[in-house]
Amino acid sequence: MPPQLTVTLPDGSARELAVGATVADLAAQIGPRLAKAALAGSVNGLVVDLTTPLSDGDAVAILTPTTPEGREVLRHSTAHVLAQAVTRLWPGAKYAIGPVIADGFYYDFALPDDARFSDADLSRIEAMMQTIVSEAQPFVRDELSVDAGLSLFADQPYKCEIITSVGTLADEVDAAPELVGGTTVVSTYRNSPEFVDLCRGPHVPSTSRLGHFKLMRVAGAYWRGDVHRPQLQRIYGTAFETKEALEQHLTFLEEAKRRDHRVLGQELDLFSFPDEIGPGLAVFHPKGATIRRVMEDYSRKRHVEEGYEFAYTPHLAKADLFKTSGHLEWYADGMYPPMELDDGQQYYLKPMNCPFHTLIYKSRQRSYRELPLRFFEFGSVYRYELSGALHGLTRVRGMTQDDAHIFCAADQMEDELRSLLTFVLDLLREFGLNDFYLELSTRPPLKSVGSDEDWDVATETLRTVAIGAGLDLVLDEGGGAFYGPKISVQARDAIGRTHQMSTIQLDFQTPQRFEAEFVGKDNAKHRPIMIHRALFGSVERFMAILIEHHAGALPTWLAPEQIRILPVRDDHFDYAHSINKRLSREGLRVRTEVADEPLGGRIRRAKLDKVPYILVVGDDDVANGTIGINTRGASDPFRGISIDEFSAFVEREVDERSIKQFGAES
RNA sequence: GCCGAUGUAGCUCAGAUGGCCAGAGCAGGCGAUUUGUAAUCGUCAGGUCGUGGGUUCGAAUCCCACCAUCGGCUCCA
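Keep in mind that what you see is a predicted model, and the values were worked out from it rather than measured.

Novice: Help me get a handle on helix α14 (residues 452-468), residues and values and all.
Specialist: In this model α14 runs 24 Å from its N-terminal to its C-terminal C-alpha over 17 residues, within 8% of the 24 Å that 1.5 Å per residue would give. If you check which residues of α14 are buried, you get Trp455, Ala458, Thr459, Thr461, Leu462, Val465 and Ala466. Down the axis of α14, the sector holding all buried residues measures 160 degrees, keeping them to one side. The exposed set on the far side of α14, more than 90 degrees from its buried face, consists of Asp452, Glu453, Ile467 and Gly468. Summarising the contacts, the buried residues of α14 are in contact with α13 (413-430), β23 (436-441), β24 (473-476), β25 (486-492) and β26 (498-507). Immediately beyond the C-terminal end of α14, within one or two residues, lies Gly470, with a positive phi of roughly 75 degrees.

Here you go:
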């Protein structure tokens, strides 16, 4: 009997195999269907090739294309095929890195003679990739010394750079060299005599296992993300295990496009960015302004309830203010250039509200009895964002933050943060978002100020509070502001995308820079701690997220036009108008349209406007004092409903900010 | 800011290789139609083809610069 080894499977069962057996052998032993489906394996938590030999005691899982890890392997191998196709079509092309990303993969190239990919090239490349797939080339792993690697990739400068930067790149690039048995080796995968790539792996056994992929777009990308290094040509693609899965993903992208707030903002006449004003500077049309007003009014009401006091501050201030706050030192690039007055005095548009609120704090002596002090303002700020970074309402140059600064004593900080987090989550839920996780951003490695001790205390306090909230917490290493760490609330929207919403930042610096103080119980002066927080973040951005989350069909309480009344004929207009008057008096946003075209056409227009309720009134309704209700999203209208019943329902729906409309199934 | 693409009427888009007065649908004005749940009919008006230069007998079309938008990169206090 040949020597045996034993491995365990994810379900806890054990399998005996001959010494020297590989992951593929294990899959074959379990069953022929698994052997056929297997793409890679996971051995003791590490994803490996099917050809990897097993050792006694290994915990092994077989990865098929339907597992997340299997899908990653699939995409990674597809990226190699992309690079191979490009080198076939552009002999002499240099290939840099080709990692897996959230929804697919990319590969960066430098083409000979500084050539560029065009969109039309994508289909040519795709066709070549299909050819390579049909050639069923095996992926063969090899391990080389650094020197052998350098000579193998002598004509691939990016590969050589990766090889020589051992240690500095290890976690950054999947192709990094690794230490095996005390010597540095680099691994390569060759899938034909013509193409070999530096890669950590693993890969699918053969290119024939690939095929359901699509190249999405070309883009420029700096080598290693560094503005000062060459810009490469990046091709983005995605790959799935089946045609159906790929198509489902493409449908998802269509859905995201359908919800694009920039398109809906135009269609629904909510806002625009007139060229005459300038990039990234929005104007809100009446309907968009109504949404915004309702959002802001509700926010104000909640802030009053939570013990905030309101402040108003100007849009610009002298340079000295921003010198004191540190903004000019750290973020002058992101500020609009100064205006210079006759006397040489410079004024800047404000990029943040905190210096102003701090001055309100400092306007007189403060006692510990007053703390925590909470100053709230819808503060408009201006930031000179790079032109290429602008994006609809989500990235603008002029925006309004629902901003507040809380000044408190050190021993109040934790309680304050805790109640704040509850407030934030409650508020976001009122707007229809309900799937959250938290992110803790720690000290930035380069740009930051303050003692390590202050940062540690602040970070740990935030961590404690975040954990207490019972949501998932992820770490964003080095993502904090220059003056302190932060917690941000991330929300998943209706189609599963995540958006950064609220931020809560701790700040020991600003009070110090401005020498803010309070008199304690001990009659001595103490320095307050400052908490910056914005719940919507920016009103503009939050509105954009709401529009996309609801696909433009905002809940009734937020809808700019809540009810449209359509008289069937001219002579029903007076009745329609009397209903309009009644509903308007009850605080609802109602409009009556005249009967100048067939009902179907008017219904259609109201539907396209995504009005929550269309009321149709005709002969029957005039006779019986009723209405016909066409609820947004419902398949059939409700006829002969009493106005009392409808108005009572909608008043409650609005009052409770419910997303459940009249007649909707519970 | 960098790479690539795009820019024709309020919106969505046609307008090979330069050559009659630059077209359509929707939206808008006017008129007719009086309509019971996603498009009534007719008619009119609307564009210095993103802007500024250039090439040409002639430019929406070719070249250059700039502006804006889109997709990425970088950035995001």
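Novice: Account for helix α18 (residues 599-608), with residues named and values stated.
Specialist: Turning to α18, its buried residues number three or more, namely Arg602, Ile603 and Ala606. Angularly, the buried residues of α18 cover 100 degrees about the axis, an arc narrow enough to put them on a single face. Within α18, the exposed residues directed more than 90 degrees away from the buried face are Gly600, Arg604 and Leu608. Those residues of α18 that are buried lie in contact with β30 (563-567), β32 (613-617) and β33 (626-631). Looking one or two places after α18, you find Lys610, whose phi comes out positive at around 55 degrees.

Novice: Give a description of the sheet that holds strand β3 (residues 40-43) that names residues and reports values.
Specialist: Across the sheet, three strands lie side by side as β4-β3-β5; this open sheet has antiparallel pairing. Each end of this open sheet is capped by a strand with a single partner; those strands are β4 (46-48) and β5 (60-63). This sheet shows a mean twist of 25 degrees between the axes of neighbouring strands, independent of strand direction. As judged from the three bridges shared by β3 and β4, these two strands associate in the antiparallel manner. Each residue of the ladder has a partner; that of Ser42, found in β4, is Val47. Its contacts with the sheet place helix α1 (residues 23-30) against β3, β4 and β5, and it is angled at close to 80 degrees to β5.

Novice: Describe the confidence of the model for chain A, and please don't skip the residues or the numbers.
Specialist: Confidence in the prediction of chain A, expressed as mean pLDDT, is 91, and 97% of residues score 70 or more. At the level of chain-chain contacts, confidence expressed as ipTM amounts to 0.94, with global pTM at 0.91.

Novice: Tell me about the side chain of Lys159, residues and numbers included.
Specialist: Here Lys159 shows up in helix α6 (residues 157-164). Of the polar contacts made by the side chain of Lys159, one reaches the backbone oxygen of Ala96; its length is 2.7 Å. In contact with Lys159, other than residues within four places in its own chain, are Tyr95, Ala96, Tyr107, Phe153, Asp197 and Leu198.

Novice: Requested: an account of the sheet that holds strand β31 (residues 590-592), with residues and values cited.
Specialist: Strand pairing in a sheet takes place through backbone hydrogen bonds and is either antiparallel or parallel in direction. What the five strands build is an open sheet, ordered β31-β30-β32-β33-β34; its pairing is mixed. Unpaired on one side and paired on the other, β31 and β34 (638-642) mark the two borders of the sheet. For this sheet, the mean inter-axis angle between neighbouring strands, taken without regard to orientation, is 30 degrees. Strands β30, β31, β32 and β33 of the sheet are contacted by helix α17 (residues 573-585), whose axis makes an angle of about 170 degrees with β31.

Novice: Report on unusual backbone geometry, specifying residues and quantitative values.
Specialist: A cis amide bond links Leu371 with the next residue in sequence, Pro372, at an omega value of -5 degrees. One can find Pro372 in the loop between α12 (354-361) and β21 (373-382). Positive phi values are uncommon outside glycine, yet Ala136 reaches one of about 50 degrees. Despite not being glycine, Glu515 shows a phi value in the positive range, around 55 degrees. Overall, the relative accessible area of 53% leaves Glu515 in the exposed class.

Criteria and thresholds
Residues numbered from 1 in each chain as written. Chains lettered and ligands numbered in written order. Predicted model: local features only at pLDDT ≥ 70, side-chain atom pairs only at ≥ 80, totals over all residues. Heavy atoms only, no water. Helix = DSSP H or I, 4+ residues; strand = E, 2+ residues; numbered from the N terminus. Expected span 1.5 Å × (residues − 1). Buried < 20%, exposed > 50% of the residue type's maximum accessible area, 1.4 Å probe, protein only. Arc of directions from axis to C-beta. Contact = heavy atoms within 4.5 Å. Pairing = 2+ DSSP bridges. Axes fitted to C-alpha atoms, helices over the stretch in contact; angles between N-to-C directions. pLDDT = per-residue confidence, 0-100. Polar contact = N/O pair within 3.5 Å; in protein donor to acceptor, adjacent residues only side chain to side chain.

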